[in-house]
Amino acid sequence: MVAGLSDEMTMESVEAFRTRTRAWMASALPSVEDPPLDSHALQRLLFDNRFAGIAFPREYGGAGLTLEHQKAFFDCAADLLRQVPAGYDHLVSVGMLGPTILEHGSHEAKLRFLPALLRGDDVWIQLLSEPRGGSDMAGATTRLTRDGHVYVLNGAKMWSTGAHVADYGLCLCRSDWDVPKHRGLSTVAVPLRGTPGLTIERIRAASGEAGDFCQEFFDDVVLPTENLIGEEGTGWAVAQTLLLHERNAAGSIGYGHLGPRLSGEDPTASDGLLGPSALLAALRHRRTNGAVATKLANAYIESVVGALTSARIMAGLRVGTHRGGWGSVSKLQASVAKHECIRTSLAALGAEGVIWDGADVRLDNAGTVWLGSRGGTLAGGSNEMQRNIVSERLLGLPREPSLDRDVPFNQVLRGLPAFE
Ligand SMILES: Cc1cc2nc3c(=O)[nH]c(=O)nc-3n(C[C@H](O)[C@H](O)[C@H](O)COP(=O)(O)OP(=O)(O)OC[C@H]3O[C@@H](n4cnc5c(N)ncnc54)[C@H](O)[C@@H]3O)c2cc1C
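What you see is a predicted model, and the numbers here were worked out from it, not measured in a lab.

A. Representation of the overall build of the chain within the structure. Along the backbone of the chain there are 13 helices and eight strands. Expressed as a percentage of the 420 residues in the chain, the buried residues total 42%. Residue pairs in contact within the chain that sit at least 24 positions apart in sequence constitute 69% of those at least 6 positions apart.

What follows is the structure in structure tokens.
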């Protein structure tokens, strides 16, 4: 028999899985109205009942099912109003890093890293952007050097969300300076807690508080060679996979379907903003002037269109018509819609959104959220970069000109004379 065929033939149908899931959820998962359970505890609960990593192979701690089963699980949770792990760290770790390791890691790396990740014991984040800029990711200059049986890491990363509370970061670094930029990259797993030579600093956000962003400095950090994810020199492909999953997660697609679509959330309860359903209520019940009413209506329409776009891409993934960079469409749509939603909330809330109350800065209202609201239009690649992807990879338009694409990286001018 063809390898894998017996598994497929005996695989539980999505409908049977849905029925089993509903029964389990009704008794085992807390309602969204109950006091919130810690995200790690929830993830552990899912793992212990084989509902974590639903589309991951069983040998790596998953349930050995498909993305359709995963979608069914989280759709049931939304229907039954059950709590699921919702922290951003969880989305990044399970929805983005897990599938990237699954695709590029060696069998040993998957056995070593994935079960702990799916159990929620190890939280993973991404270490891609650098102080010199994030859009030109292929120009990374963090240096990975082989020294006998180990690697040595030097350089700096920036804007790493959640590094201060994570266990591992997947770091994009340059392992070969003699070849063109896309070909000299590698990705390596860096333990983030108590690692000699590693300094993690939190970055102060626009609101004035220490945010989730961090900057890391690597000063002769020694790593076992087994921490390499993918082959040496294939870091560009690994990072592309990671970003694909990040854009999918922003649109709640594929492995990133782990709860409600981001722009479809109603954040009213948590941060005083008007989410889509509250926008609709505001249209009906609030006294708004014509301009604000039009904005409210547009924001609501965007939120509905966004959810439908994601559903269409999900269906396309299933039947094979939407492979590759379609998550960029959804991510672009979601980030613009969410930003507009927040701007509209602020317009509707008026003075309630002011963050300075005369004595102190308030960090708990719509104004503060607005300060951070550009984030979604940058994270995972800026809107301009998403438009480039859509035009070049989906529409087949001409590539953006690049002067350094085919030049050995050590001959590329980087504006720093003493760089090497
Ligand atoms: C909320 C949030 C979370 C993040 N989390 C992480 C994380 O966990 N890990 C991580 O590694 N990074 C993270 N980032 C960083 C993010 O990936 C970068 O901000 C992003 O890639 C843009 O890089 P940059 O900020 O350095 O801007 P730059 O690359 O300097 O770009 C500046 C401006 O120029 C435009 N631009 C640049 N190149 C082009 C081009 N070729 N064509 C058209 N326009 C262009 C950009 O669109 C942007 O508007 C996060 C960012 C945010 C906001």
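B. Layout of the environment of R50. With respect to the element layout, R50 can be found in the loop between α3 (39–48) and α4 (67–79). Assessed through the 15 C-beta atoms surrounding it within 10 Å, R50 is described here as partly exposed. Along the primary structure R50 and A63 are separated by 13 residues, whereas in three dimensions their C-alpha atoms are 5.4 Å apart.

C. Representation of the nonpolar core. The biggest cluster of nonpolar side chains holds 81 residues, and the ones touching the most others in it are W124, L153, L172, V188 and V190. With eight residues, the top contributor of residues to this core is helix α7 (residues 235–250). With residues up to four places along the chain from it excluded, the contact list for L172 reads L127, L128, M137, A140, L185, T187, G235 and A239. Among the nonpolar cores identified, the runner-up in size contains six residues, and I253, M314, W326 and L332 belong to it.

D. Main features of the site of the ligand. Taken together, 20 residues form the shell around the ligand, and within it G134, S135, G375, A379 and S382 come nearest. Elements with a contribution of two residues or more to the shell around the ligand: β1 (124–127), β3 (150–161) and α13 (383–394). Broken down by class, the residue content of the shell around the ligand amounts to seven nonpolar, 11 polar and two charged. When we break the shell around the ligand down by domain, the ones giving at least three residues each are domain 2 (124–234) and domain 3 (261–381).

E. Structural context of unusual backbone geometry. Positioned with a positive phi, W159 is a non-glycine residue whose angle comes to about 60 degrees. Relative to the elements of secondary structure, W159 occurs in strand β3.

F. Geometry of the pairing of strand β7 (residues 210–224). The pairing of β3 with β7 spans nine bridges and is classified as antiparallel. Opposite V152, over in β7, you have V222 as the bridge partner. In this structure, strand β6 (residues 198–204) lies alongside β7, joined through six bridges in antiparallel fashion. Across the sheet, T199 pairs through a bridge with F217, a residue of β7.

G. Spatial organisation of the packing of α7 against helix α11 (residues 327–349). Orientation of α7 relative to α11, taken along the N-to-C sense of each, is 45 degrees, at an axis distance of 7 Å. By the angle between their directions, the pair α7 and α11 is classed as oblique. For the crossing formed where α7 meets α11, the hand is left-handed. Along the contact surface, α7 presents L244, R247, N248 and A250, while α11 presents G327, S328, S330, K331, A334 and S335.

H. Structural detail: α4. Relative to the 18 Å expected for 13 residues at 1.5 Å per residue, α4 spans 18 Å between its end C-alpha atoms, a close match to the ideal helical length. All buried positions along α4 are accounted for by H69, Q70, K71, A72, F73, C76 and A77. Elements that come into contact with the buried residues of α4 comprise α2 (14–28) and α10 (290–319). Looking one or two residues past α4, L81 carries a phi angle of roughly 55 degrees, positive in sign.

I. Geometry of the packing of helix α5 (residues 88–104) against α7. Two elements in contact, α5 and α7, have axes separated by 9 Å at closest approach and are oriented at 145 degrees. Of the two elements, α5 crosses α7, and the hand of that crossing is right-handed. Counted together, L91, G95, M96, P99, T100, E103 and H104 of α5 and V238, T241, L242, H245, E246 and A249 of α7 form the full contact between these two elements.

J. Examining the environment of P99 more closely. Here P99 shows up in helix α5. Sequence spacing of P99 and F56 is 43 residues, and the spatial spacing of their C-alpha atoms is 8.0 Å. Contacts of P99, omitting those with residues within four sequence positions, involve H245 and Y255.

K. A look at α10. Along its 30 residues, α10 runs 43 Å from first to last C-alpha, staying within 8% of the 44 Å computed at 1.5 Å per residue. Among the residues of α10, those classed as buried are L296, A299, Y300, E302, S303, G306, A307, T309, S310, I313 and M314. Looking at the residues trailing α10, positive phi occurs at G320, about 90 degrees.

L. Inspection of the environment of P36 at higher detail. Mapped onto the secondary structure, P36 falls in the loop between α2 and α3. Look at P36 and you get exposed, because 10 C-beta atoms sit within 10 Å. Residues P36 and P85 lie 49 residues apart in sequence; the distance between their C-alpha atoms is 9.8 Å.

M. Representation of the confidence of the model for the chain. The predicted model of the chain averages 86 in pLDDT, with 88% of residues at 70 or higher. Across residues 262–273 the pLDDT falls below 50, and counting only partners more than four positions away or on other chains, this stretch makes 33 contacts in the model.

The rules behind these values
- Residues numbered from 1 in each chain as written.
- Predicted model: local features only at pLDDT ≥ 70, side-chain atom pairs only at ≥ 80, totals over all residues.
- Helix = DSSP H or I, 4+ residues; strand = E, 2+ residues; numbered from the N terminus.
- Buried ≥ 20, exposed ≤ 12 C-beta atoms within 10 Å, placed from the backbone.
- Contact = placed C-beta atoms within 7 Å.
- Core = buried A, V, L, I, M, F, W, Y, C linked by C-beta atoms within 7 Å.
- Near = placed C-beta within 6 Å.
- Nonpolar A, V, L, I, M, F, W, Y, C, P; charged D, E, K, R; others polar.
- Domains from an automatic or database assignment.
- Pairing = 2+ DSSP bridges.
- Axes fitted to C-alpha atoms, helices over the stretch in contact; angles between N-to-C directions.
- Parallel < 35°, antiparallel > 145°, perpendicular 65-115°, else oblique.
- Left-handed = near helix turned anticlockwise from the far one by under 90°.
- Expected span 1.5 Å × (residues − 1).
- pLDDT = per-residue confidence, 0-100.

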